[in-house]
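Chain residues, written in single-letter form:
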Amino acid sequence: MAEIFDLILKNGTVVTSGGIVETDIAVRNGRIADLGSFSAAKEIIDCKNLHILPGAIDTQVHFREPGLTHKEDLSTGTLSAIAGGVTTVFEMPNTDPLTITADALHDKLHRAQDRAWCDYAFFIGGCAENATDLARLEMLPGCCGVKIFMGSSTGSLLAAEDDVILSLLKSGTRRVALHAEDEERLKSRKYIAEASHDVRDHPNWRDVETALKASQRAVKLAREAGRRIHLLHITTADEMEFLSGHKDIATVEVTPQHLTLSAPECYERLGTLAQMNPPIRDRHHQEALWHAVRAGIVDVLGSDHAPHTREEKAKTYPASPGGMAGVQTILPLMLDHVSKGRLSLERLVDLLAHGPQRVYQIARKGRIAVGYDADFAVVDLNKSRAITNKWIQSKCGWTPFDGLTVMGWVRGTVLRGRLVMWEDEILGSPAGGVVSFAESQRKL
Ligand code: DOR
């Protein structure tokens, strides 16, 4: 008698690590049980004419809970994730209070329990106050690693000086994620934004040198400390050229916003809605980011989902905060880039699943392979549809991509063997759980 599985995804075209193949996927106990041809299961999803990708892993989201829940919370943020085919998120520490202690991490884990719609882990913020405790904190279950803000962005988390950054890098072993903008240069140039009140000056204030200088300092300090680093949202041609020479120690993230929007057009059309840190720059830099994607310099795509309300965004620049929603649009936007031939579907999966797994040493995720978690994004590469504010599940209720028609859409999302979204409908109840890591060796 044929084996009974919990779930079979039937007739799909599957992006496996061995290539793109037509195969069924059999699931048992939340994990991929087998690839092949199967027919006996409690539930069968027909995926004819659809592609099945590993669920996207978004390793940079700001879900604002606790403290800033008027713009997002762990429920709405994770709902937005599954609506867009994202099955795992790593959440940032610039909440209120900051996530810089074990208590603050436990509080987030407690809040996420029974409310998160996708799997999750949380960053611990690295700062002078917790420097001596970081090696312990980064190994706590539910922690994906340490995040350092070298330059001020939203919130008060900051480690600007070399001696502080070095002490943080010397405490612990896991790869450290950094926001690389040079604080001193940011402060000395802020007059530019304050004089003009024109958001088109955002990339002039936070200029190429501000980013390059910080990335160079980060790599130098990482070498001194003997610590691997991950540079978040890299935005310049100059940094990509520099970082291509340091692949042994530094991995690299880019965002879909920086690959899709460009200055000055985005500021003229969207005003402060296009304001983020580091800034969206001109086409010269955007082309260099695409080159870096194609050349393999980039390891990971992250959304930097950073929602703010429309009222907050309506403040006069530079009082307006930097950031925009992104977790729900990361996959549709990138599928559209695939349809336009800017990267292959395999490379997209590398950037949204294999790359995050490799950089953060995630256990059992990021591949469609036997024994891995049954996390999938079921996508229709031939579906053209407009991204709209109405579709956005994030509490902020807007996206800079409102009205943009993309080719390629997420039909369904499967989280550890449960269908949690199908054709825009959210199914069941929040079933998100804590991500395990090979490096921390906990809860495997
Ligand atoms: O634009 C940004 N917004 N960049 C960051 O680094 C932080 C984020 C936020 O939390 O709003």
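Details of the structure are given in the entry above.
Reading the values: the criteria
- Residues numbered from 1 in each chain as written.
- Predicted model: local features only at pLDDT ≥ 70, side-chain atom pairs only at ≥ 80, totals over all residues.
- Heavy atoms only, no water.
- Helix = DSSP H or I, 4+ residues; strand = E, 2+ residues; numbered from the N terminus.
- Rg over C-alpha atoms; globule rule 2.2 N^0.38 Å.
- Buried < 20%, exposed > 50% of the residue type's maximum accessible area, 1.4 Å probe, protein only.
- Contact = heavy atoms within 4.5 Å.
- Pairing = 2+ DSSP bridges.
- Axes fitted to C-alpha atoms, helices over the stretch in contact; angles between N-to-C directions.
- Near = heavy atom within 4 Å.
- Polar contact = N/O pair within 3.5 Å; in protein donor to acceptor, adjacent residues only side chain to side chain.
- Areas by Shrake-Rupley, 256 points an atom, 1.4 Å probe, with all protein chains shown as cover.
- Nonpolar A, V, L, I, M, F, W, Y, C, P; charged D, E, K, R; others polar.
- Expected span 1.5 Å × (residues − 1).
- Bend = angle between axes of the 7 residues up to and from the residue.
- Right-handed = clockwise from strand over helix to strand, strands pointing away.
- Parallel < 35°, antiparallel > 145°, perpendicular 65-115°, else oblique.
- Left-handed = near helix turned anticlockwise from the far one by under 90°.

Visitor: Quick question: what am I supposed to make of the overall build of the protein here?
Guide: Helices and strands together make up the secondary structure of the protein, namely 14 helices and 19 strands. Over its C-alpha atoms the protein spans a radius of gyration of 21 Å, differing by no more than 12% from the 22 Å that the globule rule assigns to 444 residues. For the protein, the C-alpha atoms occupy an extent of roughly 75 × 45 × 40 Å along the three principal directions. Within the protein, the fraction of its 444 residues that count as buried is 64%. Here the analysis covers contacts within the protein between residues at least 6 apart in sequence; of these, 73% occur between residues at least 24 apart.

Visitor: Is there a simple way to explain the sheet that holds strand S15 (residues 300-301) in this structure?
Guide: Two pairing modes exist for strands in a sheet, parallel and antiparallel, and in both the strands are linked by backbone hydrogen bonds. Here eight strands make up an open sheet; going across it, the order is S8-S9-S10-S11-S12-S13-S14-S15 and the pairing parallel. Every interior strand has two partners, whereas the edge strands, strand S8 (56-61) and S15, have only one. One ladder, built from four bridges, connects strand S10 (residues 119-125) with strand S11 (residues 143-149); its direction is parallel. What sits directly across from Gly 125, in S11, is Lys 147. Packed on one face of the sheet, helix H7 (residues 208-225) meets strand S12 (176-179), strand S13 (229-231) and strand S14 (250-254) and runs near 170° to S13.

Visitor: Would you mind going over the site of the ligand with me for this structure?
Guide: The ligand sits among 15 residues. The nearest are Arg 64, Asn 94, Thr 154, Asn 277 and Gly 322. Measuring from an oxygen atom of the ligand, one finds a side-chain N or O atom of His 62 at 3.2 Å. A distance of 3.0 Å separates an oxygen atom of the ligand from a polar side-chain atom of His 308. Expressed as a share of its isolated accessible area of 290 Å², the protein-covered part of the ligand is 100%. By residue class, the composition of the shell around the ligand is three nonpolar, ten polar and two charged.

Visitor: I tried to follow helix H5 (residues 183-196) on my own but got confused; where do I start?
Guide: With 14 residues, H5 should cover 20 Å at 1.5 Å per step; its first-to-last C-alpha distance of 20 Å lies within 8% of that length. Within H5, the axis deviates most sharply at Arg 189, by approximately 40°. Every buried residue of H5 is listed here: Glu 183, Leu 186, Arg 189, Ile 192 and Ala 193. Packed against the buried residues of H5 are helix H6 (202-205) and H7. Looking one or two residues past H5, His 197 carries a phi angle of roughly 50°, positive in sign.

Visitor: Before we go on, may I ask you to explain the pairing of S11 in this structure?
Guide: Consecutive residues of a regular strand have side chains that alternate between opposite faces of the sheet. Extensive coverage of S11 is indicated by the burial of seven of its seven residues. For the handedness criterion, the β-α-β arrangement of S11, helix H4 (residues 162-170) and S12 is classed as right-handed.

Visitor: Help me understand the sheet that holds strand S2 (residues 13-16), please; the structure alone is not making it clear to me.
Guide: Strands sit in the order S3-S2-S7-S16-S17-S18-S19 across an open sheet of seven strands; the sheet is mixed. Both edges of this open sheet fall to strand S3 (19-22) and strand S19 (425-426), since each of them pairs with a single strand only. Here two bridges tie S2 to strand S7 (residues 51-54), and the two strands are oriented parallel to one another. Note that in S7 the partner of Val 14 across the bridge is Ile 52.

Visitor: Where do I start with the environment of Lys 170 in this structure?
Guide: Relative to the helices and strands, Lys 170 is located in helix H4. Sequence separation of Lys 170 and Asp 424 is 254 residues, and the distance between their C-alpha atoms is 46 Å. Those residues in contact with Lys 170 that sit more than four places away from it in its chain are Ala 225 and Arg 227.

Visitor: Sorry if this is basic, but what is going on with unusual backbone geometry here?
Guide: Peptide bonds are trans in most cases, and residues, glycine excluded, mostly fall at negative phi. In this structure, Pro 66 follows Glu 65 across a cis peptide bond, with omega equal to 5°. Position of Pro 66 relative to the elements: it lies in the loop between S8 and helix H1 (74-83). Ala 263 connects to Pro 264 through a cis peptide bond whose omega is 0°. Relative to the assigned elements, Pro 264 resides in the loop between helix H9 (256-260) and helix H10 (265-270).

Visitor: Whenever I open this one, the packing of H4 against H7 confuses me. Can you help?
Guide: Angle between the axes and distance between the axes are the two parameters that describe a pair of packed helices. Contact pair H4 / H7: the axes reach a minimum separation of 9 Å and the direction vectors enclose 45°. Between H4 and H7, the crossing angle belongs to the class labelled oblique. Judged by the sense of rotation from one axis to the other, the crossing of H4 with H7 is right-handed. Residues Asp 162, Ile 165, Leu 166, Leu 169 and Lys 170 of H4 form the contact with H7, whose participating residues are Arg 217, Leu 221, Ala 222, Glu 224 and Ala 225.

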